[in-house]
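What the coordinates show
Here's the letter readout for the chains.
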Amino acid sequence: MITTDILIIGAGPTGLFTVFEAGLLKLKCHLIDALPQQGGQCTELYPKKPIYDIPAYPEILAGDLTDKLMEQCKQFEPGFTLGERAETIEKQEDGTFIVTTNKGTKHQAPVVAIAGGLGSFEPRKPLIHNIADFEDKGVEYMIKEPEMYRGKNVVIAGGGDSALDWSIFLSDVAKSVTLIHRRNEFRGHLDSVEKVQELKNKGKINLITPAEVIGIVGDDKVKAIVVKQAQHIEKEFEVKCDHFIPLFGLSPKLGPIANWGLEIEKNAIKVDNSLDYQTNIPGIFAIGDVNTYPGKLKLILCGFHEATLMCQSAYKIVNPGKRYVLKYTTVAGVDGFDGSRK
Ligand code: FAD
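A few points on the structure. (Residues numbered from 1 in each chain as written. Predicted model: local features only at pLDDT ≥ 70, side-chain atom pairs only at ≥ 80, totals over all residues. Heavy atoms only, no water.)

1. Observations concerning the overall build of the chain
A count of helices and strands for the chain gives 7 helices and 23 strands. Dimensions of the chain, computed from the C-alpha atoms along their principal axes, are close to 75 × 45 × 35 Å. Per-residue burial for the chain yields a buried fraction of 51% across its 342 residues. For the chain, the proportion of contacts with a sequence separation of at least 24, taken over those separated by at least 6, is 57%. When the accessible surface of the chain is summed, it comes to about 16900 Å², and 52% of that surface belongs to carbon and sulfur atoms. Counting 40 positive and 44 negative side-chain charges, the chain places the averaged centre of each group 1 Å from the other. (Helix = DSSP H or I, 4+ residues; strand = E, 2+ residues; numbered from the N terminus. Buried < 20%, exposed > 50% of the residue type's maximum accessible area, 1.4 Å probe, protein only. Contact = heavy atoms within 4.5 Å. Areas by Shrake-Rupley, 256 points an atom, 1.4 Å probe, with all protein chains shown as cover. Lys, Arg positive; Asp, Glu negative; His and termini not counted. Charge placed at Lys NZ, Arg CZ, Asp CG, Glu CD.)

Pasting the structure below:
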């Protein structure tokens, strides 16, 4: 059981800034994210795009903003459960909550802050009749630990940046990399497409296009995939492999949180914006893109503001009866914060 003061669901910009604001009040945070990395939409959807409306940054790349948020919150030593989706929540008699992920990891905290953005990013799965039988037995929809592919035969399917970038990266790690795409043209960046062609010419990537994977062969593990080549409708053949990684993009879904008894309006969680972004369940807050209230704007800086106010109420829940007096970081520094009057 992982215990903490504030359990944050979602390690996007809102969740990460919450760690900093909570840290100033000496509150510990642990974050759960369905993605294998921090940054939410900024890292998953547009890491190389410049953002222009972060205060004091005339321009910053979304990926760099995530790095800066990580650097800022690092001093408060947040814990992370990555690559797991928060699935269920149970209220305990002592008022704390237990949140369990789809992998069975349990977390306990008196305060839960849902910073789930558009929802947890779920992989788009290809329509292969027996693919579910091989999930976590050689079929992976996202790459969490590239080292697990060292010396293995890997097949990647997809035509976007993830499929191209991971094929390039794994060509130096895996024993063999085969990239399969249903068109001859790729959607990814031109640089990446050119690099894949170059690696193909050097024999480091086996490129099969236009083609699609229509079946998986194996018993308790993937042994091969069945490929149908588009120009030769009748032509089907097997490619031996240890791993099959379909990278067809991710789509966000509010998912299991929608069944937690929270008031939901238009796929977002209704909160009280007159005070602290608490939901209809005391002790559970919703901040950032995931919430809704009159006048809501889905912007990063709004998430930062909401996180800051939410932490004030979280302090009172974690430290009942203790007074909190606002101090400027310029006066107290970050270490000097104890949230109480000296
Ligand atoms: P998110 O960034 O969505 O992060 C939420 C995280 O929660 C995700 O990582 C998700 O995996 C996780 N999660 C959700 N549910 C679960 C669950 N059940 N279990 C585990 N994890 C879960 N905003 C601006 O202010 N300025 C801009 O210029 C700007 N440009 C944008 C450009 C694009 C292309 C896009 C798509 C968005 C842009 N935005 C911009 C919007 C901005 O990215 C969002 O407002 C911001 O990311 C919201 O942050 P968040 O932390 O609330 O949610």
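Read on, since the account is not over.
2. Observations concerning the environment of L118
By secondary structure assignment, the location of L118 is in the loop between β10 (111-114) and β11 (120-123). Distance from L118 to N267, taken between C-alpha atoms, is 8.5 Å for residues 149 residues apart in sequence. Residue contacts for L118: discarding those within four places in its chain leaves Q41, P252, K253, L254, D289 and K298.

3. Digging into the packing of aromatic side chains
In this structure the tally under the stated criterion is 5 aromatic pairs. Judged by centre distance (5.5 Å) and plane angle (80 degrees), the rings of W166 and F169 are edge-to-face. With W166 and F169 both in helix α4 (residues 161-170) and 3 residues apart, the pair spans about one turn of that helix. Owing to a relative accessible area of 24%, W166 belongs among the partly exposed residues under this scheme. For F169, a relative accessible area of 44% gives the class partly exposed. Ring-pair connections join several aromatic residues into one group, and the members of that group are F17, F20, F76 and F304. (Phe/Tyr/Trp six-rings, centres within 6.5 Å; stacked < 30°, edge-to-face > 60°.)

4. Here's the deal with unusual backbone geometry
Residue P210 is bonded to the preceding T209 through a cis peptide linkage, with omega at -20 degrees. Its place among the elements puts P210 in the loop between β14 (206-208) and β15 (211-218). Of note in this structure, A56 is not a glycine but carries a positive phi near 75 degrees. Looking at the element boundaries, A56 is found in the loop between β4 (50-51) and β5 (60-61). On the accessibility criterion, A56 (79% relative accessible area) is exposed. The backbone of D136 shows a phi angle near 65 degrees, a positive value even though the residue is not glycine.

5. Quick notes on the environment of L199
Along the chain, L199 falls in helix α5 (residues 190-201). Under the relative-accessibility criterion, L199 is labelled buried at 5%. Sequence separation of L199 and I168 is 31 residues, and the distance between their C-alpha atoms is 7.7 Å. With residues near it in sequence (within four places) discarded, L199 still touches I168, S171, K204 and I205.

6. Focus: helix α1 (residues 13-24)
Across its 12 residues, α1 extends 17 Å between first and last C-alpha, which sits within 8% of the 16 Å expected from 1.5 Å per residue. Among the 12 residues of α1, 12 are classified as buried, and the element is accordingly described as predominantly covered. Those residues of α1 that sit buried are P13, T14, G15, L16, F17, T18, V19, F20, E21, A22, G23 and L24. A positive phi of about 60 degrees marks K26, the residue just after α1. (Expected span 1.5 Å × (residues − 1).)

7. Points about a nonpolar patch on the surface
Taken together, L297, L299 and L301 make up a surface patch of nonpolar side chains, about 230 Å² in accessible area. When you line up the elements, L299 lands in the loop between β23 (291-292) and α6 (300-318). (Patch = residues over 30% accessible without salt bridge, like charges linked within 9 Å, V, L, I, M, F, W, Y side chains within 5 Å. Salt bridge = Lys/Arg side-chain N within 4 Å of Asp/Glu carboxyl O.)

8. Some points on the sheet that holds strand β16 (residues 222-229)
Spatial strand order, β15-β16-β17: 3 strands in an open sheet with antiparallel pairing. Strands with a single pairing partner mark the edges of an open sheet, and in this sheet they are β15 and β17 (236-240). Strand-to-strand twist across the sheet, computed as the mean angle between neighbouring axes with direction ignored, equals 30 degrees. Here β15 pairs with β16 via 7 bridges, running antiparallel. Of the residues in β16, the one forming a bridge with G218 is V222. (Pairing = 2+ DSSP bridges. Axes fitted to C-alpha atoms, helices over the stretch in contact; angles between N-to-C directions.)

9. Overview of the nonpolar core
Counting residues in each nonpolar core, the largest one holds 56 residues, and the members touching the most others are I6, V99, V112, I114 and W260. With 7 residues, the single largest contributor to this core is α6. Apart from residues no more than four positions distant in its own chain, W260 is found in contact with I9, A86, E87, T88, I89, V99, I114 and I281. Core analysis: the second largest hydrophobic core is formed by 20 residues, Y149, A163, L164 and L207 among them. (Core = buried A, V, L, I, M, F, W, Y, C linked by side-chain atoms within 4.5 Å.)

10. Some points on the state of the cysteines
Applying the stated rule across the entire model yields 0 disulfides. Unpaired in terms of disulfides, C29 finds its nearest cysteine sulfur in C311, a separation of 6.4 Å. (Disulfide = S-S within 2.5 Å.)

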